[in-house]
Amino acid sequence: MEDSGKKKTSFTDLMRKLFKGVLDPIGNFLNNLGLKPNSMTIFGLLGHIISAILISFGQITWGGILLLIFAPIDALDGTMARLRNEPTRFGGFVDSVTDRVSELLVFAALLYYYTLHQNTLAIMLVFFSAAGSIMVSYTRARAEALSYDAKVGLLGRLERMIILIPCLIFNIPLVALWILAILTIFTTFQRVLSVRKQAYAANDIVGINKVEKSR
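Remember, it's a predicted structure, so these values are computed and weren't measured experimentally. (Residues numbered from 1 in each chain as written. Predicted model: local features only at pLDDT ≥ 70, side-chain atom pairs only at ≥ 80, totals over all residues. Heavy atoms only, no water.)

Novice: Would you mind going over the packing of aromatic side chains with me for this structure?
Specialist: Here a ring pair, both rings aromatic, is described through the centre-centre distance and the interplanar angle of the planes. One pass over the full model with this rule turns up four aromatic pairs. When the ring of Phe57 is compared with that of Tyr112, the centres are 6.4 Å apart and the planes differ by 65 degrees; the resulting orientation is edge-to-face. In this pair, Phe57 is assigned in the loop between helix H3 (37-56) and helix H4 (60-70) and Tyr112 in helix H6 (residues 89-116), connecting sequence segments 55 residues apart. (Phe/Tyr/Trp six-rings, centres within 6.5 Å; stacked < 30°, edge-to-face > 60°. Helix = DSSP H or I, 4+ residues; strand = E, 2+ residues; numbered from the N terminus.)

Right under this line is the structure:
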């Protein structure tokens, strides 16, 4: 497939470059302690599990504070692998899967909390926020599997955390859920339209249909 243009830089990529001077020394320190990148990934997941438990029992602020502490680990495991010259596709796969699980754990905790309080509106907002977040990630993964670039849109994972964590800390999760429910769906459409534009530019609309029919 022809390259349909320059690959776009995501907000997450920009933040990684901006904070490289901070992440690299921490990554080196953790590597020198003998910790493995995958260990940090699991450590981050455990932090999300504890945060989800706190949120599910109504400790919204403490759950948000714990997320704020553990969220940067998402960047550290990749940094550690790069500094060790050990980045692998499997490591990236594990990291991506863990990110999805971690995010869904928080939504599951909010769902449980609002179910206990019989808040139907909040339950629906949690559902659309979770579904939208998964679709944002899925559209990028599916696009990249077809050699397209889909790092576009308002709410990647980092942006979602930037919205969610402060709202949890200030105990206003409904504000975050309204924003996420609307803008994750909007971001999904942004990525679909971006891939469609690239497909037209590469004259690959027919090719996509053939791929889909063969599945």
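Having put the structure on the table, let's press on.
Novice: Can you walk me through a nonpolar patch on the surface in this structure?
Specialist: Together, Ile42, Leu46, Ile49, Ile53, Phe57, Tyr112 and Leu116 line one region of the surface with nonpolar side chains, adding up to about 690 Å² of accessible area. At the level of elements, H3 and H6 are the ones that each hand at least two residues to the nonpolar patch. When residues in the nonpolar patch are grouped by element, the largest group, four residues, is from H3. Mapped onto the fold, Leu116 is located in helix H6. (Patch = residues over 30% accessible without salt bridge, like charges linked within 9 Å, V, L, I, M, F, W, Y side chains within 5 Å. Areas by Shrake-Rupley, 256 points an atom, 1.4 Å probe, with all protein chains shown as cover. Salt bridge = Lys/Arg side-chain N within 4 Å of Asp/Glu carboxyl O.)

Novice: Please clarify how the pattern of salt bridges should be interpreted in this entry.
Specialist: Between side chains of opposite charge, a pair can form as their charged atoms come close. In this structure the tally under the stated criterion is three salt bridges. Measuring nitrogen to oxygen at the nearest pair gives 4.0 Å for the salt bridge that ties Asp99 to Arg157. Of this pair, Asp99 sits in helix H6 while Arg157 sits in helix H8 (residues 157-169); the two residues are 58 residues apart in sequence, bridging distant segments of the chain. For the pair Asp99 and Arg157, a shared accessibility class is recorded, and that class is buried. (Buried < 20%, exposed > 50% of the residue type's maximum accessible area, 1.4 Å probe, protein only.)

Novice: Is there a simple way to explain the nonpolar core in this structure?
Specialist: Nonpolar side chains tend toward joint burial in soluble globular proteins. Counting residues in each nonpolar core, the largest one holds 25 residues, and the members touching the most others are Ile55, Val106, Leu110, Tyr114, Leu164, Leu168 and Leu177. When residues of this core are traced back to their parent elements, those giving at least two are H3, H4, H6, helix H7 (120-145), H8 and helix H9 (173-201). Ignoring anything within four residues of it in the chain, the contact list for Leu110 reads Ile55, Val126, Leu168, Pro173 and Leu177. If you look at the next biggest cluster of nonpolar residues, it comprises nine residues, including Met40, Phe70, Ile73 and Leu76. (Core = buried A, V, L, I, M, F, W, Y, C linked by side-chain atoms within 4.5 Å. Contact = heavy atoms within 4.5 Å.)

Novice: Can you help me understand the packing of H8 against H9 in this one?
Specialist: For any two helices packed against each other, one specifies the crossing angle of their axes together with the interaxial distance. Close contact between H8 and H9 brings their axes to 7 Å; oriented N to C, the two are set at 160 degrees. It follows that H8 is roughly antiparallel to H9 by the angle criterion. Crossing geometry of H8 relative to H9 is assigned as left-handed. Of the residues in H9, those in contact with Arg160, Ile163, Leu164, Cys167 and Leu168 of H8 are Pro173, Val175, Ala176, Ile179, Leu180 and Thr184. (Axes fitted to C-alpha atoms, helices over the stretch in contact; angles between N-to-C directions. Parallel < 35°, antiparallel > 145°, perpendicular 65-115°, else oblique. Left-handed = near helix turned anticlockwise from the far one by under 90°.)

Novice: Can you help me understand H7 in this one?
Specialist: Given 3.6 residues per turn, any residue in an α-helix points the same way as the ones three and four places further on. In this model H7 runs 37 Å from its N-terminal to its C-terminal C-alpha over 26 residues, within 8% of the 38 Å that 1.5 Å per residue would give. For H7, the full list of buried residues reads Ala122, Leu125, Val126, Ser129, Ala130, Gly132, Ser133, Val136, Ser137, Thr139 and Ala143. For H7, the elements touching its buried residues are H6, H8 and H9. Looking at the residues trailing H7, positive phi occurs at Ser147, about 70 degrees. (Expected span 1.5 Å × (residues − 1).)

Novice: Explain the environment of Pro72 here, please?
Specialist: Relative to the assigned elements, Pro72 resides in the loop between H4 and helix H5 (73-83). Expressed as a C-alpha distance, the spacing of Pro72 and Leu158, which sit 86 residues apart in the sequence, is 9.8 Å.

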